[in-house]
Amino acid sequence: MSYKVGIFMQFAGVAAFCFICVVILPLFYGLYLTFTSWDGVSKTKPFVGLANYAATFADTDFWVSIGRTFFYSFFAVILVNIVAFLLAYMVTSGVKGQNFFRAGFFVPNLIGGIVLGFVWKFVFNRAFVAIGNSLNIEAMKNSPLSTTGGAMFCLILVAVWQYAGYMMLIYVAGFMSVDQSLREAAKVDGCTNQQATRFVIIPMMRTSFVTCLFLTITRCFMVYDVNLSLTGGEPYNSSVLAAMHVYNQAFTYKNYGTGQAEALVLFIICAVIGMWQVRVGRKGEVAA
Amino acid sequence: MNKKAVAIVLAASTALSLAACGSSTSSTGTAAATSAAAATAAAAATSAAADGTASSGAAASITLFNSKMEIQDQFETLTDTYEKATGVHVECYYSSDTVASHIASKYAANDPYTIMMVDAKDVYSLGPQYAADLSSEKWVSDTNYAIQVDGKTLGFPFCVEARGLMYNGDAIKKITGEDFDPTKYETLDSFKELLAKLVAGGMASPVGIMKEDWSLGAHYFQEVYEERDDVDSFISSLKAGTEDLTKDAKFNSLMDTFDVLKENNYAKDSAISAERETSEMKLAQGDIAFMFGGNWDWAEINQYDYTDGIGMMPVPQNTDDGSNTKLVGGGSKYFMIDSSDATNDAERQAAKDFLNWLVSDPQGQSFLVNDCSLVPAFKSNTLAVQDPLGASVKQYADAGNLIANYNYDPDDHYSKVGASMQKYLADQIDRAGLATEVEDYWKSVK
């Protein structure tokens, strides 16, 4: 027993210590704070029992923002994965300069979300409007960020632009991991190229899909940085996604306990969806 | 046993998380070299406190937290000057965090600043716990803007800021041909005539409106509360849900004016995507003549190629309660001195001396007015204010024509009411809808 502990400490001790310090302890401390009415500032943290959870369920703004997050994630996840898969398909098909394209599509992912938000804000507010004015297109004369639907559209568009390159890399790895002999065998058996992709390659890449879906779903549900710098919740707080609502509740409105309780609810929603998706995805995995 | 373990775990995690906060903020504050010096100073301070020795002799070093980032350079020059003059070293930090939470994290780490610059509302919320009583200081009688809580003076007013309608007098003169005299346009009717004249003279839309929620909610709509005799009872009847805003004279008067501003907004069709920078630039260059704002907007305006003749006037209204002859404002940014055991009496005295020096020494006075272009909150400081918006504010302040700020809004007020105002600005709701949303908001406030 102690030998096992010794071995564990030797190899994973430092990492485990760090993980416990920065993830596990804050999680439990946060859990404790949900039972207090702390405002984030004062010295005292009065114990209030389940009042924060009651407040969470009564907070319509929170549930509206959750609904909005579902809407955003639904479209963003689907579009990111379709675009990423198509990109991956193209840059593994042996097109000329495909390494250059791979790097090019990946670059957006290297820009931080805050910067990305500001860049796109400029594009939507200035470039988009300038094009609309010069071509005299009525629908493009106003910034899409100034309407409720437009702001959501912009958020989804930027998410696709940001994540598609990263997910593409995972799909590329998926394509590469399937041995060429399988495709050749399928062809010998009379498959066309498309049929080989559809019935042989894609089922073999199932892990890639599971990974990509998991990553995009969790990222979309937790998105904050682009939300903050691209729309800031505007117009009239109609583009506040769940994470931003939680932040505002805890830090701006100084209801730390309620914000923490809402964060926990968001965490549970994400965890449930993420785990369910991975379970379902894993079930049908095949190996060559 | 189990409880003990949990307690230890909790304590350890708090200590860890707070230690992390503390170190990151101080390293963002100043350059590495200075923070090292500060660390030793802080260590000295805490060890002195730990010894429990009564203060003897003057403190050689104190710390100051500056939450007006734009004047950090001026502060560092000032503390050099102060050290040369008095031998006391003032280490100056800044942070872009929310002021209250930054201060709280420093207290949690038991490493508070000796002097901290906070917003007015923080004096009320943090002051009673953390601030030293300054009632017996010389400067108290020299200002109208110090903050008292429970009979104790806790907040030292750093400067005066006020809100009103900013104008570009040159742009107006160019069209009307006569010098712009804001006192002629106190009523909405006369203001409308002027706007019509400007439009006829070629300035198609003479007004800019900031769409930011803090400007619409916390600055413009806020005047609905502030421009009345008994603000507190009005707020409590809003909370009780007994107030009908559509029948409120002040609400209607200010919204009448807002409608006129909205009608003449240069970005009328896309009011909600107008960028503050663009609007300020247009005002600076005279493309538009009016915009609601405050003297802090000078920091933006002076970035552009501005014309002279910029100033600030009261929001025109058809009213006879006198509010159309006054700006709304008062003290902005307050110094508090730490009262906890982490600061000893010698340091506290040094901090008090520093504040007195800031008020009465010519170098201190010149720092505020000339170096920082701020409006002084003290009567004895008679230096001419540098920026034109500030000069307008000082003119109204000196004449006693400032309506006091209301500092007790709930923290989500600016965001919620600001969002309702944005909807009104974008024609998503009408005035009755706005009234209902604001009434509903206040009813939800506990």
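Now for a look at the structure at hand.

**Quick notes on the overall build of chain A**
Okay, step 1: A count of helical and extended segments in chain A gives twelve helices and zero strands.
Okay, step 2: Listing every helix and strand of chain A by position from the N terminus yields α-α-α-α-α-α-α-α-α-α-α-α.
Okay, step 3: Overall, the C-alpha framework of chain A stretches about 75 × 75 × 30 Å when taken along its three principal axes.
Okay, step 4: Split into buried and exposed, the 288 residues of chain A put 43% on the buried side.
Okay, step 5: Intrachain contacts of chain A at a sequence separation of at least 6 include 69% that bridge at least 24 residues.
Okay, step 6: For chain A, the accessible area works out to roughly 15,300 Å², and carbon and sulfur atoms hold 71% of it.
Okay, step 7: Positive and negative charge centroids in chain A, built from 18 and 11 side chains respectively, lie 5 Å apart.

**A short note on the side chain of B:Lys394**
Okay, step 1: Along the chain, the position of B:Lys394 falls in helix α15 (residues 388-398).
Okay, step 2: Setting aside residues up to four positions removed in sequence, B:Lys394 forms contacts with B:Val375, B:Pro376, B:Asn381, B:Leu383 and B:Val385.

**Re the interface of chain A and chain B**
Okay, step 1: On the side of chain B, 31 residues touch chain A, which itself brings 20 residues to the contact.
Okay, step 2: Around 2,300 Å² of area is buried between chain A and chain B when both sides are counted, 56% of it from carbon and sulfur atoms.
Okay, step 3: The interface formed by chain A and chain B contains two salt bridges.
Okay, step 4: Note that B:Lys416 and A:Asp61 form a salt bridge whose closest N and O atoms lie 3.6 Å from each other.
Okay, step 5: Inspection of the chain A/chain B interface yields seven residue pairs in polar contact (both at pLDDT 80 or more).

**Points about the packing of helix α8 (residues 213-226) of chain B against helix α10 (residues 249-263) of chain B**
Residue and element names in this part refer to chain B.
Okay, step 1: The N-to-C vectors of α8 and α10 enclose an angle of 130 degrees; their axes lie 7 Å apart at closest approach. As judged from the angle between their axes, α8 and α10 are oblique. The residues of α10 that touch α8, namely those facing Leu-216, Tyr-220, Phe-221, Glu-223 and Val-224, are Lys-250, Phe-251, Leu-254, Thr-257, Phe-258 and Leu-261.
Okay, step 2: Here the contact of α8 with α10 is composed, by residue class, of eight nonpolar, one polar and two charged.

**Let's talk about the pattern of salt bridges**
Where side chains of opposite charge bring their charged atoms close, a pairing between them can arise.
Residues and elements named next belong to chain B.
Okay, step 1: Enumeration over the complete set of coordinates arrives at 23 salt bridges over all chains.
Okay, step 2: Between Asp-297 and Arg-276 there is a salt bridge whose closest N-O contact spans 2.6 Å. Here Arg-276 lies in helix α11 (residues 276-285) and Asp-297 lies in the loop between β7 (290-294) and α12 (298-301), a separation of 21 residues in the sequence. Grouping residues by exposure puts Asp-297 and Arg-276 together as buried.

**Some remarks on helix α5 (residues 120-130) of chain B**
Residue and element names in this part refer to chain B.
Okay, step 1: Looking at α5, one finds that the buried residues are Ala-120, Asp-122, Val-123, Leu-126, Gly-127 and Tyr-130. With its buried residues spanning 120 degrees around the axis, α5 presents them on a single face.
Okay, step 2: Buried-residue contacts for α5 involve α4 (99-108), β3 (115-118), β4 (147-149), β5 (152-168) and β9 (327-337).

**Digging into the state of the cysteines**
By definition, a disulfide is the covalent link that joins the sulfur atoms of two cysteine residues.
Okay, step 1: Summed over the entire model, instances satisfying the criterion amount to zero disulfides over all chains.
Okay, step 2: Lacking any disulfide linkage, A:Cys212 is separated from the closest cysteine sulfur, that of A:Cys220, by 12 Å.
Okay, step 3: The exposure class of A:Cys212 is buried, given its relative accessible area of 0%.
Okay, step 4: Considering cysteine sulfurs only, B:Cys372 is the nearest to B:Cys159, which forms no disulfide, with 8.8 Å between them.
Okay, step 5: With relative accessibility at 0%, the residue B:Cys159 sits in the buried group.

The rules behind each value
- Residues numbered from 1 in each chain as written.
- Chains lettered and ligands numbered in written order.
- Predicted model: local features only at pLDDT ≥ 70, side-chain atom pairs only at ≥ 80, totals over all residues.
- Heavy atoms only, no water.
- Helix = DSSP H or I, 4+ residues; strand = E, 2+ residues; numbered from the N terminus.
- Buried < 20%, exposed > 50% of the residue type's maximum accessible area, 1.4 Å probe, protein only.
- Contact = heavy atoms within 4.5 Å.
- Areas by Shrake-Rupley, 256 points an atom, 1.4 Å probe, with all protein chains shown as cover.
- Lys, Arg positive; Asp, Glu negative; His and termini not counted.
- Charge placed at Lys NZ, Arg CZ, Asp CG, Glu CD.
- Buried area = accessible area lost by both parts, 1.4 Å probe.
- Salt bridge = Lys/Arg side-chain N within 4 Å of Asp/Glu carboxyl O.
- Polar contact = N/O pair within 3.5 Å; in protein donor to acceptor, adjacent residues only side chain to side chain.
- Axes fitted to C-alpha atoms, helices over the stretch in contact; angles between N-to-C directions.
- Parallel < 35°, antiparallel > 145°, perpendicular 65-115°, else oblique.
- Nonpolar A, V, L, I, M, F, W, Y, C, P; charged D, E, K, R; others polar.
- Arc of directions from axis to C-beta.
- Disulfide = S-S within 2.5 Å.

Treat this as a map of the structure, not an account of what it does.
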